[in-house]
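# Fold and geometry: a report
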Amino acid sequence: MPRSPLAEVKGNAQPKVRPPAVPSRLPLSGSRLKRGPEPMESASEPAKKRTRGLGTAPQADTLHPRAPRLSTAPQRQCQAAAQRFPRKAGPCPSATALKNQKPVPTVPAQKPAASAAPVAGGKKPGRRPAWDLKGQLCDIKVELQCSRERAQTLGRENQQLRDQLQEAQQQAQALGTERSGLEGELAQVRAQAEQGQQELGSLRARVLDLEERLGTQEGLVHVLQREQLGLQEERRTLTGRLEEQERRLQASEAALSSSQAEVASLRQETAAQAALLVERGDRLHGLEMERRRLHNQLQELKGNIRVFCRVRPVLTGEPTPPPGFLLFPPGPGGPSDLPTRLSLSRSDDRRGTLTGAPAPPTRHDFSFDRVFPPESGQDEVFEEIAMLVQSALDGYPVCIFAYGQTGSGKTFTMEGGPEGDPPMEGLIPRALRHLFTVAEEMSGQGWTYSFVASYVEIYNETVRDLLATGSRKGQGGECEIRRAGPESEELTVTNARYVPVSCEREVRALLHLAHQNRAVARTAYNERSSRSHSVFQLQISGEHAARGLQCGAPLNLVDLAGSERLDPSLALGPGERDRLRETQAINSSLSTLGLVIMALSNKEPHIPYRNSKLTYLLQNSLGGSAKMLMFVNISPLEENVSESLNSLRFASKVRFPLRLGPAETPVVKGISVPAPESPQLGARLWRKGDRCTIHLSFVCGTGHGPQLYIPTYIPLSPF
């Protein structure tokens, strides 16, 4: 069986015992071809021995060694191959590889020619003496002849060696080409083997992976089979439920059809209800507007200027007034009518009869829009003014005053008693609670309201902010009354706090702060007397966005300072001088308030608002469609009867203002005030320069018996 080239190459690549190197006389390429004398000498030694044995070798043979004997052709081929591939050591090509090569003729080793006749006796001839020149010449000739023959022999050998070298080079080239091809095939086979090994490794890994996946898939198949069994059971269950649902669906579709018909009917009803709701909303809005109009007409019929009288109860430690000192006569309808009249009796030791007996007490009768006896509570008082508070929410300015002497209950009426006692709450917290409640109810009709509160006091004609905190306390003098804009009629107080409020807790906090900041002093009537006018202003703003309606009005709740008269016999010390200035400023502002009310009632062209800071601040809440209510608070004690009478007379003047003539020259005009059992009233107005004085005369009595003449002088500020 023939071997493949790859097998032969692998066989040749196996290591073999290298034969001993054979000296060669082949020429080498370049300078690497050197002729070594040592091998030639070693190869020529046997011949020399043979020659020496014969004894016929000339002396020249000893000087020039002969050429070595030529090797066979295969040996020369091995030498040529070794020179061609010096780096790879190995034996000569095998006989199978060289059997197709042409045989190289071997050159027999030629024997050296006989140089000279052998020396007789077989002895080596000795060296010729120097004098035997002829013999030396013969020896040189013989040696020359031998050298020539040897040169010819070497030339022929050289030519043969060149031919052999050329043939060996051709064979080496063919072998190199074959070797390169075999090496390429070997590299390719090795690459294929490596690739096969890699593919085999990857296939083994893939087989392992597939086996693992197969195990996983088999486990999954078992799980899926179990799930399939469960799903089949569930499918049977769901099939039964589906049939049940289909039956229910059919019933639901039937019900849906009836429901759709009902929904269509309900939609029609809803549309009708919506239209009716819009119609009723319009009607409700119209009714609300009509309510506001009728409510305003009712308040105007009651009077845009009303006066209530309230008598405080007797406090612990105060003397009980004598019987008949204060009487509250019933109205025309009897005790069921609300009290509107007050009768006050007064004894005067200076008066007497013709017989010398003491004069009977004088009774003074007054009539007001409503009179509250001492047993009246705060809730009863607020019930009477709730309609006025509603007018402020409807968009009409409202101003409520508390007037009276010190200690008559003005501050209690406005602010109430101690905190935490709901029955003792005053008009301010109750009015704010009422406004918040009604505003919440009106939000269902589309109205939205906002409230902004301010609290100032007027002390000695100086405006102070009662809501100031921190470093702003005590800087009330910097507050001024200014118009909000060039074309605006709204008045604001500069440097004053305007606080938005939305609940009762915020209002109580403001009242507590204002109570701490208000100016008070000790007087003969009260340990802690308010010496300034406090003005609580609440700006109400309402808007109906759907209809584009807006309304706004201020609600003013004013606690006036005590209205005591000056005692001319009082010794004035440092503290009394301050009280004197305070009293003068208070009485001046109260006189101006009375003049403003009279001018508004008489519809005079000029209203003296600017004569006082109080009237100037409240001018937008006094005239026009504004509603004004004055509480006159009096003391039930007999010792305060003089101040009580002055307060009641001032309130009567507010309710029934005097109509006076023009103040050009002294005018004398009698005026009768139509009140039940009212005294006759006469008035004179005197003007001197820019100062005016009103001289009022009261004639008390019924026309039978003695009459009492009471003159009263009221100084007025300049108009």
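All of the points below concern the structure found in this document.

Cut-offs applied
Residue positions within a chain follow its written sequence, with the count starting from 1. It should be noted that, the model being predicted, local features are given only for residues of pLDDT at least 70 and side-chain atom pairs only at 80 or more, the latter also being counted only at that level, while totals for whole chains, interfaces and linings use all residues. Side-chain figures throughout are based on the complete set of non-hydrogen atoms in the structure, without hydrogens or water. By the criteria applied, helices consist of DSSP H or I runs no shorter than four residues and strands consist of E runs no shorter than two, each listed in order from the N terminus. In this scheme, a residue with accessible area under 20% of its type's maximum is buried, one over 50% is exposed, and one in between is partly exposed, where area comes from a 1.4 Å probe on protein chains only. Positive charge is attributed to Lys and Arg, negative charge to Asp and Glu, and no charge count is given to His or to the chain ends. Think of a salt bridge as a Lys or Arg side-chain nitrogen and an Asp or Glu carboxyl oxygen that are within 4 Å of each other. Between two residues, a contact is recorded if the distance between any of their heavy atoms is within 4.5 Å. For helices, the axis comes from a line fit to the C-alpha atoms of the stretch in contact; other axes are also lines fit to C-alpha atoms, and the angle between any two N-to-C directions lies between 0 and 180 degrees. The scheme is simple: roughly parallel for angles under 35 degrees, roughly antiparallel for over 145, roughly perpendicular for 65 to 115, oblique for anything else. Two helices cross in a left-handed way if the nearer one is turned anticlockwise from the farther one by less than a right angle. They cross in a right-handed way if the turn is clockwise. Just so you know the grouping, Ala, Val, Leu, Ile, Met, Phe, Trp, Tyr, Cys and Pro go in nonpolar, Asp, Glu, Lys and Arg go in charged, and all remaining residues, Gly too, go in polar. Classification of ring pairs rests on two measures: the distance between centres of Phe, Tyr or Trp rings, Trp counted by its six-membered ring, which must be within 6.5 Å, and the angle between planes, read as stacked under 30 degrees, edge-to-face over 60 and tilted in between. Working rule: Lys NZ or Arg CZ, within 6 Å of ring centre, within 35 degrees of ring normal, means a charge sits over the ring. In this description, strands pair whenever DSSP reports at least two bridges between them. Expected span of a helix, by definition, is 1.5 Å for each gap between consecutive residues, and there is one gap fewer than residues. The directions from the helix axis to the C-beta atoms form the arc being described. The nonpolar core is taken to be a set of buried Ala, Val, Leu, Ile, Met, Phe, Trp, Tyr and Cys residues, with the residues joined through side-chain atoms within 4.5 Å.

The next subject is the side chain of K410. If you trace the backbone, K410 turns up in helix α8 (residues 410–415). Within the buried set, K410 has no salt-bridge partner at all; the shortest N-O distance to an opposite charge, 5.0 Å, is to D559. The residues touching K410, leaving out its near neighbours within four places in the chain, are A402, Y403, G404, Q405, D559, L560, A561, G562 and N633.

We now examine the environment of C551. In this structure, C551 sits in strand β15 (residues 549–559). The spatial distance from the C-alpha of C551 to the C-alpha of Y449 is 9.2 Å, given a sequence separation of 102 residues. In this view, C551 contacts R292, L393, D394, G395, W447, Y449, I540, S541 and G542; residues no more than four positions away in its chain are not counted.

Angle between the axes and distance between the axes are the two parameters that describe a pair of packed helices. Axis separation between helix α9 (residues 427–442) and helix α10 (residues 504–517) bottoms out at 10 Å; the angle between their running directions is 155°. Looking at the two axes, α9 sits roughly antiparallel to α10. Here the hand of the crossing between α9 and α10 comes out right-handed. Contacts from I428, P429, L432, R433 and F436 of α9 reach α10 at E504, V507 and L511. Residues of the contact of α9 with α10, tallied by class, amount to six nonpolar, no polar and two charged.

Turning our attention to the packing of helix α6 (residues 133–302) against helix α7 (residues 378–394). For the pair α6 and α7, interaxial distance at closest approach is 10 Å and the crossing angle is 130°. Taken together, the axes of α6 and α7 lie oblique to each other. In this structure, the crossing between α6 and α7 has a hand that is left-handed. Contacts from E288, R291, R292, H295, L298 and Q299 of α6 reach α7 at M387, L388, Q390, S391, L393 and D394.

This part takes up the packing of aromatic side chains. Evaluated as defined, the whole model comprises eight aromatic pairs. Grouping aromatic residues by their ring pairs yields a cluster made of F308, F372 and F631. Across from the ring centre of W447, 4.6 Å away, lies the NZ or CZ of R292, which sits over that ring. Its guanidinium or amino end placed over the ring of Y396, K627 lies 5.2 Å from that ring's centre, counting from NZ or CZ.

Read from one edge to the other, the open sheet built from three strands follows the order β2-β3-β4, with strand pairing classed as antiparallel. The outermost strands of the open sheet, each flanked by one partner alone, are β2 (326–327) and β4 (362–367). Strand contacts of helix α13 (residues 641–655): β3 (341–346) and β4, with the helix running at about 145° to β3, the strand carrying the most contacts.

With 14 residues, α10 extends 20 Å between its outermost C-alpha atoms, agreeing within 8% with the 20 Å of an ideal straight helix rising 1.5 Å per residue. Listed as buried for α10 are V507, L510, L511, L513 and A514. Across the axial projection of α10, the buried residues extend over an arc of 165°, all falling on one side. Residues of α10 that are buried make contact with α9, β7 (447–459) and β11 (499–501).

So, on to the nonpolar core. Of all hydrophobic cores here, the largest spans 48 residues; its most connected members are F401 and L648. Not counting chain neighbours up to four residues away, the residues in contact with L648 comprise C309, L342, L344, F366, F368, V632 and I634. Of all hydrophobic cores here, the second largest spans 45 residues; its members include I385, Y449, F451 and F536.

Here we take up α9. A rise of 1.5 Å per residue sets the reference length of α9, with its 16 residues, at 22 Å; its end C-alpha atoms lie 22 Å apart and thus fit the reference within 8%. Inspection of α9 places L427, I428, P429, R430, A431, L432, L435, F436, V438, A439 and M442 among the buried residues, and these make up the whole buried set.

Another point: unusual backbone geometry. If a residue is not glycine, its phi is most likely negative; likewise, a peptide bond is most likely trans. Backbone geometry at E461 places phi at a positive 60°, although glycine is not the residue there. One can find E461 in the loop between β7 and β8 (462–465). For E461, a relative accessible area of 28% translates into the label partly exposed. Of note in the backbone geometry, N495 takes a positive phi value of approximately 65° without being a glycine. Within the secondary structure, N495 is located in the loop between β10 (491–493) and β11.

Throughout the structure, instances matching the rule amount to 20 salt bridges. When the shortest N-O distance is used, the salt bridge between R547 and D282 registers 2.6 Å. Taken together, the positions of R547 in the loop between β14 (533–544) and β15 and D282 in helix α6 put the pair 265 residues apart, joining distant regions of the chain. When its relative accessible area of 38% is taken as the criterion, D282 is described as partly exposed. We note a salt bridge from E480 to R482, for which the minimum N-O separation is 4.0 Å. R482 sits in the partly exposed class, given a relative accessible area of 44%. The network of salt bridges with shared partners includes E288, R291, R292 and D394.

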